[in-house]
Every structure is written in C-alpha cells, then in structure tokens.
Amino acid sequence: MVNAADVPTSDRDSTSKTDPVDSRKIAKALRGNLLTSVHVPNLVTEGDRQLFRYRKRLQADQTRVKNRIKDKFLFTGIPIPEEFDNPNWSKRFLQWLRKVQLPDASTRLTLDRLLEQYDFLHKHFLKVSVEVRRLQREARYRKQARLLRTIPGIGPLTTVELLCEIEDINRFCSFKKFNGFIGFRPYSHSSGEHDWRGSLTYRRHNALRSSLIECAWSAIQKDPLLAQRYNELKQRLTGKRSIIIIARKLTSKIYAVLKNQTPYRIGLTT
C-alpha cells in the first residue's frame, strides 16, 4: 500500500490520465523500487485508534449542541450572564438554562430537548474518556506511557493518542522521518542561489500536530529550558511562530524518549 501522491508521474501522465496509464505507471515505479509503502497498523492498534477518534467525535458533537443552545439565546435576544459565558459549562449554568424564561413555549421545548441531548452526550463522553485513559495502563502501552508522561506538557490523553498513532517508534529510522510524519517542517524550494522556505507543509498528521502545539503551550509553563527558548524566540518572531518551534522541540524529545527508552529530565536538552 502506497500514498498516491508519492507515485512518480510526469506532465504527460497528468494530462492524459486513464486507468491503463496509471497501472503502467505504478508497475514501472514498483519495478524500479521507487515506491515507499505506507505503514499499516495491526488490528489491536487500529481498534485503539478508533476508540480515541470516537472520543474526539463525541467532543465535536458536544460543541455543536452547545452552539445550537447558544443560538436560541441569540435568536431571542436574551443575553447569557457574563459569569457563564465561557467554554466550560458548570452545573450552575445548566440549572440556569433549565429555569430561564423564554418568550414562547416552542422555544422552551426546543431548548429542553437540546439540553437532554447535551446531558446524554456529556455522560457518554465522560464514560468513553475513562476508557481511553485506561488504555495507557494496558500491558502493551504501560512502559511507553510512563516514559512519555515524564515529558512536560504531555498529558494522559496525548499519551494515548501518540501511542495509538505511532504504534512503533522504530519504524522511523531518524528524527527527520518522524518529524515528517508529524508535519513540523516548512515548505522549501531551493534553486541556485535562491533558498525559499514557506509555511508548514500540508503533509502532516493533522491530529497529532494540533495536539503537540497545544502541549507546547503547557510545556513552556513547566520546563524552564523550553520557557527560556520561547522567550528568546519571541524577541524576533510572533508568539504563534515561536510556539511552533517549541512544538517541534517537543517532538524531538518524544522521539528521543521512545527511541532510547529513557525518561526525560526537565531542564536538559535532547
């Protein structure tokens, strides 16, 4: 199994694309040993991935229901109290939603049904989250999970995500390969004296790259060395660009910890 974008092609092939042309092109590339296979996880790892991804879908469903509930207040012109206007919905806010007076019975009925949907999704989300966290205690992940948790900014959920998506760190022969998998490398185009570098590549593991950027914000609060590096970068770059570089350094620490099977020590470079 190969990535279709990695099959060598020419302008003539792209302007005259047919099944026979594609078949001959793939056969020639295979005969010339020009194709790199895509890693296929085993059934157990794939099942763990599905569980973690299901949790993320539930989280997105909760957000959609929250937005629909807020929409009812925007529609009726009733302001949400400032103390409740934040992403974390407390029990007091939910009680307020159930008791607030709305202009008509139908809107009240719609809001009640949306709240029922939110309650179901929230309870189900919490149940699945416990099951996801439990994965790091499984025998197949336990040792690797303990190593990852020594890295500042890496929490239990990110640990499970990394272990499920990477599966085996030894399939990456170098950090360059691992970083290419995550996607913390810029576009580059060098020709002669010109060396152009652009934004981050579109070829990435979207979920892992996003998670590691979030972890980087937490890491600079816990690791003095990373905090110092972030402050130095902010002298000449924006905060967003600086945190991307910190996230890449965090990626290198993850690779070193898993590859060498040694815990990370805060304040030391890897």
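Structural data are supplied above this passage.
In this text the structure is predicted, and so the values were computed from the model without any measurement.

Student: So what's going on with helix α7 (residues 156-166)? Residues and values would help.
Tutor: Within α7, 11 of the 11 residues are buried, which leaves it mostly tucked inside the rest of the structure. Within α7 the residues assigned to the buried category are Pro 156, Leu 157, Thr 158, Thr 159, Val 160, Glu 161, Leu 162, Leu 163, Cys 164, Glu 165 and Ile 166. A positive phi of about 65 degrees marks Glu 167, the residue just after α7.

Student: Summarise the side chain of Glu 165; cite the residues concerned and give the values.
Tutor: When you line up the elements, Glu 165 lands in helix α7. In this structure, Glu 165 is in contact with Arg 49, Arg 53, Arg 171, Phe 181, His 205 and Leu 208, ignoring residues within four places of it in sequence.

Student: So, the environment of Arg 241: which residues are in play, and what are the values?
Tutor: With respect to the helices and strands, the residue Arg 241 is situated in helix α11 (residues 239-260). Sequence separation between Arg 241 and Ser 199 is 42 residues; the distance between their C-alpha atoms is 9.8 Å.

Student: An account of the side chain of Arg 49 is needed here, citing residue identities and associated values.
Tutor: Structurally, the position occupied by Arg 49 is in helix α3 (residues 43-76). Here the side chain of Arg 49 touches Glu 165 through a polar contact of 2.9 Å, landing on its backbone oxygen. Residues contacting Arg 49, with those up to four places away along its chain left out, are Pro 41, Cys 164 and Glu 165.

Student: Describe the pattern of salt bridges, listing the residues and the values that go with them.
Tutor: Counting across every chain of the model gives 14 salt bridges. The residue Arg 92 makes a salt bridge to Glu 83 at a minimum N-O spacing of 3.2 Å. The same class applies to Arg 92 as to Glu 83, namely exposed. Beyond isolated ion pairs, a larger network of salt bridges with shared partners links Glu 46, Arg 49, Arg 53 and Glu 165.

Student: Run through the state of the cysteines, naming residues and quoting values.
Tutor: Covalent bonding between the sulfur atoms of two cysteines defines a disulfide. Per the stated rule, a full pass over the model turns up zero disulfides. Here Cys 164 is not cross-linked by a disulfide; its sulfur's nearest cysteine counterpart is in Cys 215, at 15 Å. Classification of Cys 164 as buried rests on a relative accessible area of 1%.

Rules used throughout
Residues numbered from 1 in each chain as written. Predicted model: local features only at pLDDT ≥ 70, side-chain atom pairs only at ≥ 80, totals over all residues. Heavy atoms only, no water. Buried < 20%, exposed > 50% of the residue type's maximum accessible area, 1.4 Å probe, protein only. Helix = DSSP H or I, 4+ residues; strand = E, 2+ residues; numbered from the N terminus. Contact = heavy atoms within 4.5 Å. Polar contact = N/O pair within 3.5 Å; in protein donor to acceptor, adjacent residues only side chain to side chain. Salt bridge = Lys/Arg side-chain N within 4 Å of Asp/Glu carboxyl O. Disulfide = S-S within 2.5 Å.

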